[in-house]
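These are the residues of each chain, in order.
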Amino acid sequence: MRQSRFVLNLLLAGAVLASVSACGTQPTLRPASQSAAPMARMVKVRGLPTDYYKGTEGLTGMPLVQALNGAVAKHTDLGYDTARDHLFADVADTNDDNIVEDIYTGEAFTGVRDRGTASKHNLNTEHTWPQSLGAKGAARSDLHHLQSSDAGINGSRGSFAFGTVAGSPTFQFPAIDGKTCIGEDARGNTVCEPRPSVRGDIARGLLYFYVVYGGYDSTSLKNFVNEVRTLVAWHDMDPVDAAERERNERVWQVQGNRNPFIDEPSFVARAAFNRMDLSRPSRPSRPR
Ligand SMILES: [Ca+2]
Ligand SMILES: [Ca+2]
């Protein structure tokens, strides 16, 4: 694959200690207009049962988060092996061409059909909410926050929060659209700033994770409290597209629950994550 070789060369050139300026990937994506859309505007979404979000009408803030938890938390725990097979076979390959991209660079890997063929390409499973911060048990296998990633880049990201790199990146990975950087944010915390076209996807996966697992005692909100403002901004900058909707349908088909922020983007603004006290005890409950 010409594109694959091109990106690989870029990676080899770029995955070094960087001496250039900040990540610098000014978003060129159009701002979303749907954030302020009222619930009444909700469009008909393929596969979405008409009463799936029943009980969320008129709610905002933490009451909305708790109602969404009630709607989406219950799902089938596929187990880690089966979940990863689905990730590489269909969830991350929404156009069914057996080509799966690395989330952070867009590098294309051909002939990927399951976790075994993914592994041959050094492609592994990125937990956008780190395992060390609570993606354990059912959460470890929850496809809504899992992404395909080159093992090396996955390792470089480690368990750093997502955010905006302010100074010179420590690492940068050139991508097919911009680059993914790791470096310090304006407060001196090390963060990962992904390429622009996946920022919204990652944000919506993490907001889902908070809704479903935020109430677990084993879930650490250490990253989330620092990254949530950025995630909300990324949700607006990188709106839901057709491929992301198709991904949501495929997760729904295999694990039986949906990401509400893909189905109805205005839930993000209504939840008012920016103003929510994430540390208070009335966090969402454990899935039943
Ligand atoms: Ca594909
Ligand atoms: Ca996107």
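Presented here is an overview of the structure given in this document.

**Focus on the pairing of strand E4 (residues 146-150)**
Then step 1. Most of E4 sits inside the fold, with five of its five residues counted as buried.
Then step 2. With burial as the criterion, each face of E4 is covered, one bearing Leu146, Ser148 and Asp150 and the other bearing Gln147 and Ser149.
Then step 3. Pairing geometry for strand E3 (residues 123-127) and E4, over five bridges, is antiparallel. The partner of Leu123 across the bridge, within E4, is Asp150.

**Observations concerning the coordination of the calcium ion (ligand 1)**
Then step 1. Donor atoms from the polypeptide that coordinate the calcium ion (ligand 1) comprise Asp93 (OD), Asn95 (OD1), Asp97 (OD) and Ile99 (O), at 2.2 to 2.4 Å from the metal.
Then step 2. Between consecutive donors of the calcium ion (ligand 1), the numbers of intervening residues give the motif D-x1-N-x1-D-x1-I.
Then step 3. What makes Asn95 exposed here is its relative accessible area of 53%.

**Quick notes on helix H2 (residues 61-72)**
Then step 1. End to end, H2 covers 17 Å across twelve residues, agreeing with the expected 16 Å (1.5 Å per residue, within 8%).
Then step 2. Across the twelve residues that make up H2, a large majority, nine, are buried.
Then step 3. Where the residues of H2 are buried, they touch helix H6 (196-213), helix H9 (260-263) and helix H10 (266-271).

**Observations regarding the coordination of the calcium ion (ligand 2)**
Then step 1. Listed as protein donors to the calcium ion (ligand 2) are Ser197 (O), Asp201 (OD), Asp238 (OD) and Asp238 (OD); their distances from the metal cover 2.3 to 2.6 Å.
Then step 2. Linear spacing of the donor residues for the calcium ion (ligand 2) on their chain is S-x3-D-x36-D. One end of the pair, Asp201, is in helix H6; the other, Asp238, is in the loop between helix H7 (222-237) and helix H8 (242-255), and 37 residues separate them in sequence.

**Topic: the pairing of strand E8 (residues 190-193)**
Then step 1. In this sheet, E8 lies alongside strand E5 (residues 161-162) in parallel orientation, the contact comprising two bridges. Looking across to E8, one finds that Phe162 is bridged to Cys192.
Then step 2. A loop of five residues connects strand E7 (residues 179-184) with E8, the two strands running antiparallel in sequence, and Gly188 in this loop sits at a positive phi of about 90°.

**So, the nonpolar core**
Then step 1. In this structure, Tyr210 and Phe273 are the most contacted members of the largest nonpolar core, which totals 47 residues.
Then step 2. Among the secondary structure elements, those contributing two or more residues to this core are H2, H6, H7 and H10.
Then step 3. Of all the elements, H6 adds the most residues to this core, at eleven residues.
Then step 4. Counting 14 residues, the second largest nonpolar core, distinct from the first, contains Val91, Ala118, Leu123 and Leu146.

**Overview of the packing of aromatic side chains**
Then step 1. Throughout the structure, instances matching the rule amount to eleven aromatic pairs.
Then step 2. Measuring from centroid to centroid gives 4.4 Å for Trp129 and Phe209, while their planes differ by 15°, and the two rings are stacked. One end of the pair, Trp129, is in the loop between E3 and E4; the other, Phe209, is in helix H6, with 80 residues separating them in the sequence.
Then step 3. Accessibility expressed as a relative area gives 3% for Trp129, which makes it buried.
Then step 4. An aromatic cluster is present here, built from Trp129, Phe209, Tyr210, Tyr213, Tyr216, Phe224, Phe261 and Phe273 joined pairwise through their rings.
Then step 5. Positioned above the aromatic ring of Tyr80 is the side chain of Arg140, whose terminal nitrogen or guanidinium carbon lies 3.8 Å from the ring centre.

**Quick look at the environment of Val198**
Then step 1. Tracing the chain through its elements places Val198 in helix H6.
Then step 2. Here Val198 falls in the buried class, since its relative accessible area comes to 5%.
Then step 3. Linking Val198 and Asp177, residues 21 residues apart in sequence, is a C-alpha distance of 9.9 Å.
Then step 4. Dropping the residues within four chain positions of it, Val198 is found in contact with Ile103 and Asp238.

**Some points on the sheet that holds E8**
Then step 1. Ordered in space as E5-E8-E7-E6, the four strands form an open sheet in which the pairing is mixed. Each edge of the open sheet carries a strand with a single partner, namely E5 and strand E6 (171-174).

Conventions we followed
- Residues numbered from 1 in each chain as written.
- Chains lettered and ligands numbered in written order.
- Predicted model: local features only at pLDDT ≥ 70, side-chain atom pairs only at ≥ 80, totals over all residues.
- Heavy atoms only, no water.
- Buried < 20%, exposed > 50% of the residue type's maximum accessible area, 1.4 Å probe, protein only.
- Helix = DSSP H or I, 4+ residues; strand = E, 2+ residues; numbered from the N terminus.
- Pairing = 2+ DSSP bridges.
- Donors = N, O, S within 2.8 Å, 3.2 Å for Na, K, Ca; no water.
- Expected span 1.5 Å × (residues − 1).
- Contact = heavy atoms within 4.5 Å.
- Core = buried A, V, L, I, M, F, W, Y, C linked by side-chain atoms within 4.5 Å.
- Phe/Tyr/Trp six-rings, centres within 6.5 Å; stacked < 30°, edge-to-face > 60°.
- Lys NZ or Arg CZ within 6 Å of the ring centre and 35° of its normal.

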